[in-house]
Amino acid sequence: MAKQLLPLNSKKSMIQETVERLLPLAKAKQFWVITNDDLREPIVAQLKKLDKKKIIAEPLGRNTAPAIGLAAFLLAKRDPTAVIGMFPSDHVIADEKQFCADIQRAAEIAAAGPNIVVIGIKPTRAETGYGYIEVSTPGREPRATSRKRTAKGQARTDVLNVVRFTEKPNADVAEQFVKAGSFYWNSGMFVWGARTLAGALREHLPKTAPLLEEIAASYGTRKFEKTLARLYPQCENISVDYAVLEPRSAKGEGKSGLYCIPATFGWNDLGSWTALYEHRNPANDGANVIRAEQSFALNAEGNFVHSIRKFVAVVGVKDLVVVETDDALLITTRENSQDVGKVVKYLDEQRMRKLV
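About the thresholds
- Residues numbered from 1 in each chain as written.
- Predicted model: local features only at pLDDT ≥ 70, side-chain atom pairs only at ≥ 80, totals over all residues.
- Heavy atoms only, no water.
- Helix = DSSP H or I, 4+ residues; strand = E, 2+ residues; numbered from the N terminus.
- Buried < 20%, exposed > 50% of the residue type's maximum accessible area, 1.4 Å probe, protein only.
- Contact = heavy atoms within 4.5 Å.
- Salt bridge = Lys/Arg side-chain N within 4 Å of Asp/Glu carboxyl O.

Draft legend 1. Region of interest: the environment of L23. Of note, L23 is situated in the loop between α1 (14-22) and β1 (33-36). Judged by its relative accessible area of 27%, L23 is partly exposed. Sequence separation of L23 and C100 is 77 residues, and the distance between their C-alpha atoms is 9.4 Å. In this view, L23 contacts A28, F31 and K49; residues no more than four positions away in its chain are not counted.

The structure is reproduced here in structure tokens:
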């Protein structure tokens, strides 16, 4: 079973937590979920508050640019003033009230013009698994946004101009970024107007944009499923970072319309099993993290085990990751857990997408 459907942080699944923290900002009928064929049915079952017609299954995985792009064209057609937020379903948020405040502020900036806002995370280590955002001077907020003041009446200056985006650097470069002090982790959370994103896709993905636009035009008709199945696989397989953000930032600071809001709400990305271990064991003291019916450990340390319906014994092992679900078993080490992405790629290539 896919990670977003598992209760890794609480009794609720990751995707249920994601939706619930966003409900103060939007009505349930305004949510759209882009997933795959194999996950659509369990997601519909878990997200009963949402309109199941707005839970759309990709016929073939095409990364984040076509997925969020399809949502942009769907919304731009219905409400040209709509603002879209893109939120991965594997994040843990410590302060949900402050999270909503940051996202609301991003939405105001996005609504004020052709602006794109990314939520940045202050790096705590030289992480090679995240993309980085270079920022410079505080951004001048568009006039239409609310100019909230601090308690002392001073203008807030925590909207930053984006200089460039850099995808997952090597260890040496990541170390340089952290030392520079002018880089943030790319959280993968973006806010933009539907028309802004649709326009950016027309500019930077001229082959894919017309396909998405045609699919969106068929939504709500009998032709939608067939149109989606026929055209979506023809879309380029590319992330929104590479497709839109990098070329947009190349226009230059002050011209790109790219802004970064540093997160003030406490964040953890559970995109890797190592990250989940560290979230569960913030002291990082070598303790085992075991989610099981019952467990026993002997001469074992630093292991992460998820097998909630069984008795688990860990004996004489160190830094292992073992995850059992109804339909799969993963065994790796914390050091190599980033390579699980290669397994996901293999499963996708073999069309075993219900396991992704």
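Draft legend 2. View of the pattern of salt bridges. If you walk through the whole model with that rule in mind, you get 12 salt bridges. A salt bridge links R21 to E17, with the shortest nitrogen-to-oxygen separation between them at 4.0 Å. Of this pair, R21 and E17 both sit in helix α1, four residues apart, roughly one helical turn. Judged by relative accessible area, which is 3%, R21 ranks as buried. Here E324 and K310 are joined by a salt bridge, their closest N and O atoms 2.8 Å apart. Placement of the pair is E324 in strand β13 (residues 320-324) and K310 in strand β12 (residues 304-315), with a sequence separation of 14 residues. When its relative accessible area of 45% is taken as the criterion, K310 is described as partly exposed.

Draft legend 3. Geometry of unusual backbone geometry. Here N63, not a glycine, exhibits a phi torsion of approximately 70°, which is positive. Here N63 is to be found in the loop between β2 (55-58) and α3 (64-78). Judged by relative accessible area, which is 40%, N63 ranks as partly exposed. The phi dihedral of D319 is positive, around 60°, even though this residue is not glycine. With respect to the element layout, D319 can be found in the loop between β12 and β13.

Everything listed here is a matter of geometry and, on its own, says nothing about what the molecule does.
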